[in-house]
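Read off the chains here:
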Amino acid sequence: MIPRLKPSLDWRELVAALTPPRKDDVERFEQAFARKMGQKHAITFPYGRTGLILLLEALGLKNKEVICPAYTCVVVPHAIVYSDNKPVFVDSQEEDFNMNLDLVPEVITEQTGAIIATSIFGYPVNLDKLDAIHRKYPNIYIIQDCAHSFAAEWKGRAVQKEGIAAIYGLNISKLMTSIFGGMVTTDDDKFAKKLIKLRDIRLKPALLTKSLRRFLYLVAVYPTFWGPVYGLINRLERSGLLNRFVKYYDESKVDMPGDYLEKMSRIEARVGLVQLKKYDSIVENRRKMAKFYDDNLRDISELHLPPIVEGATYSHYVPRVSDRNKILRKFLKKAIQLGWLIEYCIPNMDSYNVQSTSANNSNDYRVAEKLSTNTINIPIYAQIKKKEAEHIVQQVWKK
Ligand SMILES: *Cc1c(COP(=O)(O)O)cnc(C)c1O
């Protein structure tokens, strides 16, 4: 079975996990991460979403409107709500799945406190347009969501550096991982100090039990992504058996994991340090794979291929199709799990259904709605073997 994603883990992460903890593990990870992103400060959190909550609080935003894409990970508006602010959604654009920045001025009001600019699937957000918005509204904070796009570049400019701060997610489905975890980077000394202070007040220290939980999770990840085991899990999943245990999220609820206010553990920081050293090669491989798919899938009429963009990090490779389920089923029969990506348009979810409470109508999110139903994911993880990629291309599509 070829899984839809796979973390780039080998024996080095296990060794790091088993190394006796040092007092400064987390600080060393923060310093190395800041260096890699070319920023002055990097601040760890238990999840990216926790970073976003405290970041909004540290900016002094409360009862404000925070603009974010209608098509993004649902934890982003969850974090906005948890920070006592209100998410305001903006539709996406078809060409690169990102928020349509031309629509942003239409939703800016006196109450707008921040704009979350997401470089979704690794496609760098258009910094020229973002600059123009920022010049016109200098009091609105720009926050970069780099969960899919660590160090992605728009025309040579690193996206994470544009704005007051950037957030990153570090779970095993991300470009690089610290088991779980999140990060905020910033170049602003005063703001960094404020955020660190707030974090130390609001978050509990990581207990030993958290390190142990994270270690057991990490150890379980290795066999899970091994082909035969993964195939078995996938069959269980399809039979609906697993669903009862691992329901991914509840559409009707805005909530957070139980440990979202417990600091990153040292074991996570040590694994993150190893991953950071691999980061360049991880992205390089993804770029190569994106190019490979672009060259080899181009003439397949049922696929509308994603763009190749200089500076993109390709956290996912996302063609659009007209009958998603048919293609997913066809690939599963060949032991390839494509999977879909973000399968929802957030303002249409029960928990965010804004239609009834505002002047919005569903037409406002036309593109996001479409993307939520017609995107598929072709495996593009850094460790995918050439043979597997060729299997995906030839065995299935070229027949
Ligand atoms: C993963 C992700 C985050 C942060 O996720 P956490 O699970 O809270 O670490 C933020 N934005 C996007 C777009 C993501 O995919």
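Only a predicted model underlies this, so the values are computations on that prediction, with no experimental measurement involved.

Calculation rules
- Residues numbered from 1 in each chain as written.
- Predicted model: local features only at pLDDT ≥ 70, side-chain atom pairs only at ≥ 80, totals over all residues.
- Heavy atoms only, no water.
- UniProt positions renumbered as here; feature names shortened; annotations may be inferred.
- Helix = DSSP H or I, 4+ residues; strand = E, 2+ residues; numbered from the N terminus.
- Buried < 20%, exposed > 50% of the residue type's maximum accessible area, 1.4 Å probe, protein only.
- Contact = heavy atoms within 4.5 Å.
- Near = heavy atom within 4 Å.
- Polar contact = N/O pair within 3.5 Å; in protein donor to acceptor, adjacent residues only side chain to side chain.
- Nonpolar A, V, L, I, M, F, W, Y, C, P; charged D, E, K, R; others polar.
- Core = buried A, V, L, I, M, F, W, Y, C linked by side-chain atoms within 4.5 Å.
- Domains from an automatic or database assignment.
- Salt bridge = Lys/Arg side-chain N within 4 Å of Asp/Glu carboxyl O.
- Arc of directions from axis to C-beta.
- Right-handed = clockwise from strand over helix to strand, strands pointing away.
- Pairing = 2+ DSSP bridges.
- Phe/Tyr/Trp six-rings, centres within 6.5 Å; stacked < 30°, edge-to-face > 60°.

Caption draft 1: Main features of the UniProt feature "active site" (unreviewed entry) in the protein chain. Those residues carrying the UniProt feature "active site" (unreviewed entry) are Lys 174 in this numbering. With respect to the secondary-structure elements, Lys 174 resides in the loop between strand 8 (165-169) and strand 9 (182-186). What makes Lys 174 buried here is its relative accessible area of 18%. Among residues more than four places away in sequence, those in contact with Lys 174 are Ala 147, His 148 and Gly 169.

Caption draft 2: How the structure looks around the environment of Lys 129. Here Lys 129 is to be found in helix 6 (residues 127-136). Lys 129 gets classed as partly exposed once you look at its relative accessible area, which sits at 32%. Residues Lys 129 and Leu 101 lie 28 residues apart in sequence; the distance between their C-alpha atoms is 6.8 Å. Residues in contact with Lys 129, not counting those within four places in the same chain, are Leu 101 and Asp 102.

Caption draft 3: Geometry of the site of the ligand. Taken together, 14 residues lie near the ligand, and Gly 48, Arg 49, Asp 145, His 148 and Lys 174 sit nearest. One of the backbone N or O atoms of Gly 48 is found 2.7 Å from an oxygen atom in the ligand. In the model, a nitrogen atom of the ligand is placed 2.7 Å from a nitrogen or oxygen of the Asp 145 side chain. Taken together, the residues that form the shell around the ligand break down as five nonpolar, six polar and three charged.

Caption draft 4: Examining the nonpolar core more closely. Formed by 88 residues in total, the largest nonpolar core has its most connected members in Leu 52, Leu 55, Phe 121, Ile 143, Tyr 293 and Leu 297. Among the domains, domain 1 (11-208) and domain 2 (227-247 + 278-397) are the pair contributing at least three residues each to this core. In this structure, Ile 143 is in contact with Leu 52, Leu 55, Leu 56, Leu 59, Ala 114, Ile 115, Ile 116, Ala 117, Ile 164 and Ala 165, ignoring residues within four places of it in sequence.

Caption draft 5: The pattern of salt bridges, seen in detail. One pass over the full model with this rule turns up 29 salt bridges. Lys 129 is the salt-bridge partner of Asp 102, the closest N and O atoms lying 3.3 Å from each other. With Asp 102 in the loop between strand 3 (86-90) and helix 5 (104-107) and Lys 129 in helix 6, this pair connects stretches of sequence that are 27 residues apart. In this structure, the salt-bridge partner of Arg 298 is Asp 294, at a minimum N-O distance of 2.8 Å. We classify Asp 294 as buried; its relative accessible area is 13%. Taken together, the shared-partner salt bridges in this structure form one network comprising Arg 22, Asp 24, Asp 25, Arg 28 and Arg 270.

Caption draft 6: Here's a closer look at helix 11 (residues 324-333). Buried within helix 11 are the following residues: Arg 324, Ile 327, Leu 328 and Phe 331. Mapping the buried residues of helix 11 onto a view down its axis gives an arc of 100°, with all of them on the same face. Residues of helix 11 that are exposed and angled more than 90 degrees away from the buried face: Arg 329 and Lys 333. In the stretch just after helix 11, Ala 335 is the one whose phi turns positive, near 60°.

Caption draft 7: Expanded view of the pairing of strand 2 (residues 65-69). Counting buried positions over the five residues of strand 2 gives five, a clear majority of the element. In this region the chain leaves strand 2, passes through helix 4 (residues 75-82) and returns to the parallel neighbour strand 3; the handedness of that crossover is right-handed. Bridge analysis of strand 2 against strand 4 (residues 112-118) gives three bridges, and the strand direction is parallel. Bridging across to strand 4, Ile 67 finds its partner in Ile 115.

Caption draft 8: Looking closely at the packing of aromatic side chains. Scanning all chains against the criterion turns up 16 aromatic pairs. Ring centres of Tyr 47 and Phe 180 lie 5.9 Å apart, and the angle between their planes is 75°; on these two criteria the pair is classed as edge-to-face. With Tyr 47 in the loop between strand 1 (41-45) and helix 3 (48-58) and Phe 180 in the loop between strand 8 and strand 9, this residue pair connects regions lying 133 residues apart in the sequence. Residues Tyr 47 and Phe 180 agree in their burial class; the two are buried. Residues Phe 180 and Tyr 217 carry aromatic rings whose centres are separated by 4.8 Å and whose planes lie at 55° to one another, so their mutual orientation is tilted. In this pair, Phe 180 is assigned in the loop between strand 8 and strand 9 and Tyr 217 in helix 8 (residues 208-224), connecting sequence segments 37 residues apart. Exposure remark for Tyr 217: the relative accessible area of 32% places this residue in the partly exposed category. Among the aromatic residues, ring-to-ring pairing joins Phe 29, Phe 33, Phe 150, Tyr 168 and Tyr 279 into one connected group.

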